[in-house]
Amino acid sequence: FSYGANAATLYFYPQNLEVFEGENVTVEVRLATDGETMNALEIEGQLRAENMTIESADTSNSFVRIFIESPETNGKKFRFIGGVPGGFNGSGIIGRLNLIARATGNNAISFNEPVKIFTNAEAAALLNTKLLEATFNVVKKPSDYIKLSSRTHPKQGTWHNSKEVNIHWDLAPGAEYSYLVSQDQTAIPDEIPDRPEGDKLWLGD
């Protein structure tokens, strides 16, 4: 195989994250093709330390249309193999990894070489690819940690066939809350307290 001239970027998002011990975190595996059009890929990666595990891999929102095999993970390693009929040019998500932080300490997740990303051309060319890892800092939960639960989605990291999402936490006396629902784990709520409309009571839902 020959190598393309441009350099794509294969990376994780978020790239730096603080995680509470015992909590789940979702990391996206993303590709930016840098102007090239690709049509197939084979990538593997793994966690560096033992204090976190990869519980599952999800490809429901992937730009990869055909997976040669189901995404694999054995707790420490993961693998995606698939193709895009007609090709893909741009930036998008290959898949998502659901991780659990089992003990405090630092960790990282990175890609294993060789990474194979093929250009959409008659001659199967491998696209030059820059690889970026993600780092984690697993810390103890603070004393004022808010524990979330959900009656509609009781298991984190598991797909549920429901368009309605209920999120609950226990209210502390006299406390005010501001929240934000987002797929971006780096997003931060504003400092304006959120309250129910009209005469509804605030129950922590």
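Procedures and definitions
The residue numbers shown here count from 1 along each chain, following its written sequence. Only residues with pLDDT of at least 70 are given local features in this predicted model, and only at 80 or more are side-chain atom pairs given and counted; all residues enter the totals for whole chains, interfaces and linings. In computing side-chain properties, one takes all heavy atoms of the structure into account and sets aside hydrogens as well as water. Known as pLDDT, the predictor's per-residue confidence is scaled from 0 to 100. Only DSSP runs of H or I reaching four residues or more are called helices, and only runs of E reaching two or more are called strands; each is numbered from the N terminus. By the convention used here, residues are in contact when the closest approach between their heavy atoms is within 4.5 Å. Centres within 6.5 Å make a pair out of two Phe, Tyr or Trp rings, where for Trp the six-membered ring is used; the pair is then stacked when the planes are under 30 degrees apart, edge-to-face when over 60, and tilted otherwise. The buried label applies to any residue whose accessible area, calculated with a 1.4 Å probe on protein chains only, is under 20% of its type's maximum; exposed applies above 50%, and partly exposed to all values in between. By definition, being over a ring means that NZ of Lys or CZ of Arg is both within 6 Å of the ring centre and within 35 degrees of the ring normal. Put simply, a nonpolar core is a bunch of buried Ala, Val, Leu, Ile, Met, Phe, Trp, Tyr and Cys residues held in one set by side-chain atoms that sit within 4.5 Å of each other. Should DSSP find at least two bridges between two strands, the strands are regarded as paired. Should a side-chain nitrogen of Lys or Arg be within 4 Å of a carboxyl oxygen of Asp or Glu, the pair is scored as a salt bridge.

> Account for the confidence of the model for the protein chain, with residues named and values stated.
Across the protein chain, the average pLDDT comes to 89, with 96% of residues at 70 or higher. Within the protein chain, the lowest mean pLDDT, 75, falls on strand 1 (residues 2–13), and the highest, 98, falls on strand 12 (residues 134–139). Confidence drops under a pLDDT of 50 for residues 1–5, and excluding neighbours within four residues, the segment shows 13 contacts in the predicted structure.

> Please give an account of the packing of aromatic side chains that cites residues and values.
Tallied over the full model, the rule gives 9 aromatic pairs. Geometrically, the ring pair formed by Phe 78 and Phe 80 is tilted, given 5.8 Å between the ring centres and 55 degrees between the ring planes. The two residues Phe 78 and Phe 80 agree in class, both being buried. An aromatic cluster is present here, built from Phe 12, Phe 67, Phe 78, Phe 80 and Phe 111 joined pairwise through their rings. A cation over a ring is seen here: Arg 30 above Tyr 13, with NZ or CZ 4.3 Å from the ring centre.

> Now, about the nonpolar core: what can you tell me, with residues and values included?
With 33 residues, the main nonpolar core has Val 29, Ile 94 and Phe 136 as its most contacted residues. Residues in contact with Phe 136, not counting those within four places in the same chain, are Leu 17, Val 19, Val 27, Leu 47, Met 52, Leu 99, Gly 105, Asn 106, Asn 107, Ala 108 and Ile 109.

> For the pairing of strand 8 (residues 77–88), give the residues involved together with the corresponding values.
When strand 4 (residues 38–47) meets strand 8, the two strands line up antiparallel, connected through 8 bridges. Directly across from Ala 40, in strand 8, lies its bridge partner Gly 83. Note: strand 6 (residues 66–67) against strand 8, 2 bridges, orientation antiparallel. Opposite Phe 67, over in strand 8, you have Gly 82 as the bridge partner. With 2 bridges joining them, strand 7 (residues 72–73) and strand 8 adopt antiparallel strand pairing.

> So what's going on with the environment of Thr 59? Residues and values would help.
Inspection of the secondary structure assignment puts Thr 59 in the loop between strand 5 (52–58) and strand 6. Taking the C-alpha atoms as reference, Thr 59 lies 37 Å from Glu 197; in sequence the two are 138 residues apart. When sequence neighbours within four positions are dropped, the list of residues in contact with Thr 59 reads Phe 67, Pro 71, Phe 80, Ile 94 and Gly 95.

> How would you explain unusual backbone geometry if you had to name every residue and give the values?
Residue Pro 14 follows Tyr 13 across a cis peptide bond; omega there is 0 degrees. With respect to the helices and strands, Pro 14 occurs in the loop between strand 1 and strand 2 (16–20). Residue Pro 114 is reached from Glu 113 by a cis peptide bond, and omega for that bond is 5 degrees. Relative to the assigned elements, Pro 114 resides in strand 10 (residues 105–119). Although it is not a glycine, Asp 34 sits at a positive phi angle of roughly 55 degrees.

> Account for the pattern of salt bridges, naming residues and giving values.
Pairing is possible between side chains of opposite charge, provided their charged atoms come close. Considering all chains together, one arrives at 11 salt bridges under this definition. Between Glu 21 and Lys 140 there is a salt bridge, and its shortest N-O distance comes to 3.1 Å. Of this pair, Glu 21 sits in the loop between strand 2 and strand 3 (24–32) while Lys 140 sits in the segment after strand 12, placing them 119 residues apart in sequence. The class of Glu 21 is partly exposed, set by a relative accessible area of 22%. The partner of Glu 69 in a salt bridge is Arg 79, and the shortest N-O contact between them spans 2.9 Å. Taken together, the positions of Glu 69 in the loop between strand 6 and strand 7 and Arg 79 in strand 8 put the pair 10 residues apart, joining distant regions of the chain. Owing to a relative accessible area of 23%, Arg 79 belongs among the partly exposed residues under this scheme. Three or more residues are tied together by salt bridges with common partners; here these are Glu 44, Glu 69, Glu 72 and Arg 79.

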